[in-house]
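Commentary on secondary and tertiary structure
What follows is the residue order along each chain.
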Amino acid sequence: MLKASFKINSDNRIGKIDPRMWGSLTEQLGRGVYTGIYQPDHPLADENGFRKDVVSAIKKLNVPLIRYPGGNFVSGYNWEDGIGPKEERPVKLDLAWKSIETNQFGLHEFMKWCQTIGAQADMAINLGTRGIDSARNLVEYCNFPKGTYLSDLRIKNGQTEPFNIKLWSLGNEMDGEWQIGHKTATEYGRLAHETAKAMKIVDPTIELIACGSSLHTMDTFGVWEETILDHIYDDVDYLSLHQYYDNDDHDIKKFLSSSVDLDSLINDVIAICDAVKARKHQNKTMYLAMDEWNVWYHSKKADDKQKPWQIAPPLLEDHYNFADALVVGSLAMVLMNHADRVKIGCLAQLVNVIAPIMTNISGTPTIWLQSIFYPFMQISNYGQGETLRVQSHSESYSLENRVVPYVETSAAYNSAKNEIVLFIENKADKEVEISYEIDDFPAINIIEATQFCGYDLEQTNEDQLMKIEELKQLNLDSNRVVGKLEAYSWNMIRLSVKDKG
Ligand code: AHR
């Protein structure tokens, strides 16, 4: 049997977990919005057209932040098309996804929906086809109290109080050739700097995220970050990272090593930020926004066959299997283990489009939950407080010059609840014996221990049979949690401890 041992100590903390770590992206793409979160003619729609079944599922995920309206969509979007009387809104071509955008869902609907699900907005602006003028106008429309043409227009459109949107993304994946209005690093750096300047004149209290690379494997990775930071280090609070993983090679060991790649991506970006910081003689630390991350590959062939120019076509509708859930769980733990630098995270996406929640347009069941829903739900609810640094000893395997531990973990200390929460994933095809030493946290009790396991790696969850179960093979031996974890398993252990401040 495999063995793994871990140790945490109350004084050894990585950093506070920003509640925005467990956010999501909702893009005007496919059925993400239309027939996803918004479907006025559905029997379960509320008075705003929001699907109540979807709202309840999202609430289970405890999503604190939504990035909107894209994604690639934003780089061709005019925000003005989505305000005012719905019958007067223009129907337009969405060039990013070759679809028809009806604009029946826009800014006001989005903000109302955020309020319904209890999330903050991260508003992305179009730096593809547009720039400074539309961005500063949008900030004025959203955040200026009253007395100007745009703030009064917001009031006329039904919103008296300013929306007060605090977090803004300066474009999307501007390094990618596929992006409408793709730019070189210098072009983007200059435009982002001037746009940030104008936006902050309108509202100096806003926070800004700059676009980092779209993928770790981009040819321009590294140079992109360094160049743009030269222009915008003073202007922005966060640099974005995006990363998706696939199992196109049908190589489970490689797929399960995605977390090791994500860890190295984050370390690479931190190193670049800190090098620019040193070169600029800066005191300010650049924080990171991992504002697109997930597994994405199942739907790509079907998407290539979709006819262009449909309204809300089924695009990017991955049906996730159990292996994908293990990868999502381990990626989330990597984010948690970088809580000192990664302050914002957005699982991409939320409903129907590479999503944990799927809807049926009609009939029953009205929605179904994907395999990836379960680990994400647990970490978004319980990965709160501060991340503790774990001393890990796990057997490992080597892959492409990397060491991949079979057992990965992250640990949170939630002082508000006097709880320690351990997330542990066994990536091996056999059981593992674990020992988790909890040093210097007196009076430990196990509140809850769960496991998510026992499924074929290829199994998906359309029939809704997957569930989280009790983890029984576990004991508390003084200050040590000892037990056995199943092969290929995602586990969570909640412990109560005395207040350590
Ligand atoms: O999330 C799907 C797409 O992936 C987003 O629109 C884009 O930003 C990324 O390439």
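As a reminder, the structure under discussion sits directly above these lines.
All of the points below concern the structure found in this document.

Conventions used here
- Residues numbered from 1 in each chain as written.
- Predicted model: local features only at pLDDT ≥ 70, side-chain atom pairs only at ≥ 80, totals over all residues.
- Heavy atoms only, no water.
- Near = heavy atom within 4 Å.
- Polar contact = N/O pair within 3.5 Å; in protein donor to acceptor, adjacent residues only side chain to side chain.
- Areas by Shrake-Rupley, 256 points an atom, 1.4 Å probe, with all protein chains shown as cover.
- 1 Å grid on protein atoms, 1.4 Å probe; cavity = no way out; pocket = protein on both sides within 12 Å on 5 of 7 lines; lining within 4 Å.
- Sits in = over half its atoms within 2 Å of the grid points.
- Nonpolar A, V, L, I, M, F, W, Y, C, P; charged D, E, K, R; others polar.
- Points joined across faces, edges and corners; volume = space filled by probe spheres on them.
- Helix = DSSP H or I, 4+ residues; strand = E, 2+ residues; numbered from the N terminus.
- Pairing = 2+ DSSP bridges.
- Axes fitted to C-alpha atoms, helices over the stretch in contact; angles between N-to-C directions.
- Contact = heavy atoms within 4.5 Å.
- Buried < 20%, exposed > 50% of the residue type's maximum accessible area, 1.4 Å probe, protein only.
- Expected span 1.5 Å × (residues − 1).

Topic: the site of the ligand
- Around the ligand sit Glu27, Gly71, Asn72, Trp97, Asn172, Glu173, Tyr244, Glu292, Trp296, Leu316, Gln349 and Ile354, and that is every residue in its neighbourhood.
- For the ligand, an oxygen atom lies 2.7 Å from a polar atom in the side chain of Glu292.
- The protein chains hide 95% of the 280 Å² of surface that the ligand would expose on its own.
- The cavity that encloses the ligand is the largest pocket.
- Residues belonging to the shell around the ligand are distributed by class as follows: five nonpolar, four polar and three charged.

Structural notes on the layout of surface pockets
- Its volume calculated, the largest pocket comes out at about 720 Å³.
- In terms of lining residues, the largest pocket is bounded by 28 residues, among which Asn72, Trp97, Trp178, Trp296 and Leu316 are the most central.
- Of all the secondary-structure elements, those providing two or more residues to the lining of the largest pocket are β10 (238–245) and α9 (300–304).
- Sorting elements by how many residues they give to the lining of the largest pocket places α9 first, with three residues.
- Partitioned by chemical class, the residues of the lining of the largest pocket number twelve nonpolar, seven polar and nine charged.

Points about the sheet that holds strand β9 (residues 207–210)
- Read around the closed barrel, the eight strands follow the order β3-β4-β7-β8-β9-β10-β11-β13; overall the barrel is parallel. Averaged over all neighbouring strand pairs, the angle between strand axes comes to 30°, with direction disregarded.
- As paired strands, strand β3 (residues 23–25) and strand β13 (residues 342–348) are joined by three bridges and run parallel to one another. What sits directly across from Gly23, in β13, is Cys346.
- Strands β7 (120–125) and β8 (167–170) of the sheet are contacted by helix α3 (residues 132–143), whose axis makes an angle of about 165° with β8.
- Where helix α8 (residues 258–279) meets the sheet, it contacts β10, β11 (287–295) and β13, and its direction lies at approximately 160° from that of β10.

Looking at the pairing of strand β16 (residues 385–388)
- Bridge count between strand β2 (residues 13–17) and β16: four bridges; the pairing is antiparallel. Counterpart to Lys16 in the pairing with β16 is Glu386.
- One ladder, built from three bridges, connects β16 with strand β20 (residues 407–414); its direction is antiparallel. Bridging from a neighbouring strand, Thr387 pairs with Ala412 of β20.

Looking at helix α2 (residues 107–117)
- For α2, the buried fraction is high: eight of the eleven residues fall into the buried class.
- Within the span of α2, buried status applies to Leu107, His108, Glu109, Phe110, Met111, Trp113, Cys114 and Ile117.
- In this structure, the buried side of α2 is in contact with α1 (52–61), β4 (65–68), β7, α3 and α4 (149–156).
- Among the residues trailing α2, Gly118 stands out with phi positive, at a value near 80°.

A look at helix α5 (residues 185–202)
- In this model, α5 (18 residues) spans 26 Å end to end at C-alpha, consistent with the 26 Å of a helix rising 1.5 Å per residue.
- Within α5 the residues assigned to the buried category are Ala185, Tyr188, Gly189, Leu191, Ala192, His193, Thr195, Ala196, Ala198 and Met199.
- Contact partners of the buried residues in α5: β7, α3, β8, β9 and α6 (223–232).

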